[in-house]
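Summary of the model geometry
Here are the chains, one letter per residue:
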Amino acid sequence: KILGHVLRFFSNIKGLNIRVVKTDSAMKKQLESEGYSPEIINSIASNRAFYRAKDGTMVLNLQKMNLNTPFHEITHPLVDFIKRENPELYTRISI
């Protein structure tokens, strides 16, 4: 129930796309359908989640994730924004 509220909140963020898969095998099938190489698939198919910056997509694996996972993933677009808009700040915080 809490996860549903979090995902609804995140879905209102402009430019952020959210995909949810139920299992590692569903994650693997999703990655295969998107044309990822076997090496990439093997490295991320069993992760809790991943963020794809090129299209702003957060993919969450329900089998592995916990309630902290979406909050971790949302930091990726925030860091990308800081890097793009304020490289000096990005340099200071990424040390």
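Structure's up top.
Here we summarise the structure given alongside this text.

Cut-offs applied
- Residues numbered from 1 in each chain as written.
- Predicted model: local features only at pLDDT ≥ 70, side-chain atom pairs only at ≥ 80, totals over all residues.
- Heavy atoms only, no water.
- Salt bridge = Lys/Arg side-chain N within 4 Å of Asp/Glu carboxyl O.
- Helix = DSSP H or I, 4+ residues; strand = E, 2+ residues; numbered from the N terminus.
- Buried < 20%, exposed > 50% of the residue type's maximum accessible area, 1.4 Å probe, protein only.
- Axes fitted to C-alpha atoms, helices over the stretch in contact; angles between N-to-C directions.
- Parallel < 35°, antiparallel > 145°, perpendicular 65-115°, else oblique.
- Left-handed = near helix turned anticlockwise from the far one by under 90°.
- Contact = heavy atoms within 4.5 Å.
- Nonpolar A, V, L, I, M, F, W, Y, C, P; charged D, E, K, R; others polar.
- Arc of directions from axis to C-beta.
- Phe/Tyr/Trp six-rings, centres within 6.5 Å; stacked < 30°, edge-to-face > 60°.
- 1 Å grid on protein atoms, 1.4 Å probe; cavity = no way out; pocket = protein on both sides within 12 Å on 5 of 7 lines; lining within 4 Å.
- Points joined across faces, edges and corners; volume = space filled by probe spheres on them.

**Regarding the pattern of salt bridges**
Counted under the stated rule, the structure contains 6 salt bridges. In this structure, Lys 64 and Asp 24 form a salt bridge, with 3.1 Å as the shortest nitrogen-oxygen distance. Within this pair, whereas Lys 64 is found in the loop between strand E3 (57-61) and helix H4 (69-85), its partner Asp 24 is found in helix H2 (residues 24-33), the two being separated by 40 residues in sequence. Note on Lys 64: relative accessible area 34%, which makes it partly exposed.

**Looking at the packing of helix H1 (residues 2-11) against H4**
Contact geometry of H1 with H4 gives a least axis separation of 11 Å together with a crossing angle of 15 degrees. Considering their axes alone, H1 and H4 lie roughly parallel with respect to each other. Like other packed secondary-structure pairs, H1 and H4 cross with a definite hand, here left-handed. Contact residues: H1 offers Leu 3, Val 6 and Phe 10, while H4 offers Pro 70, Phe 71 and Ile 74. Residues belonging to the contact of H1 with H4 are distributed by class as follows: 6 nonpolar, no polar and no charged.

**A closer look at H1**
Taken together, the buried positions of H1 are Leu 3, Val 6, Leu 7 and Phe 10. Along H1, the residues classed as buried sweep out an arc of 95 degrees about the axis, all on the same side. Among the structural elements, strand E1 (17-21), E3 and H4 are those in contact with the buried residues of H1.

**Digging into the packing of aromatic side chains**
All chains considered together, the criterion is met by 3 aromatic pairs. Aromatic side chains Phe 10 and Phe 71 sit 5.7 Å apart centroid to centroid with 75 degrees between the ring planes, which places their arrangement in the edge-to-face category. Highlighted residues: Phe 10 in helix H1 and Phe 71 in helix H4, separated in sequence by 61 residues. Relative to Phe 50, the ring of Tyr 36 lies with its centre 6.5 Å away and its plane at 80 degrees, an arrangement referred to as edge-to-face. With Tyr 36 in the loop between H2 and helix H3 (38-44) and Phe 50 in strand E2 (residues 49-52), the pair connects residues that are 14 residues apart, well separated along the chain. Judged by relative accessible area, Tyr 36 falls into the partly exposed class, the value being 22%. One aromatic cluster in this structure is built from Phe 9, Phe 10 and Phe 71.

**Examining the layout of surface pockets**
A probe matching the size of a water molecule, rolled over the atoms, marks out where space remains unfilled. Volume-wise, the largest pocket comes out at about 190 Å³. Taken together, Ile 13, Lys 14, Gly 15, Leu 16, Tyr 51, Gly 56, Ile 74, Pro 77, Leu 78, Asp 80, Phe 81 and Arg 84 make up the lining of the largest pocket. Residue contributions to the lining of the largest pocket peak at 6 residues, all from H4. Looking at the lining of the largest pocket residue by residue, the classes come out as 7 nonpolar, 2 polar and 3 charged.

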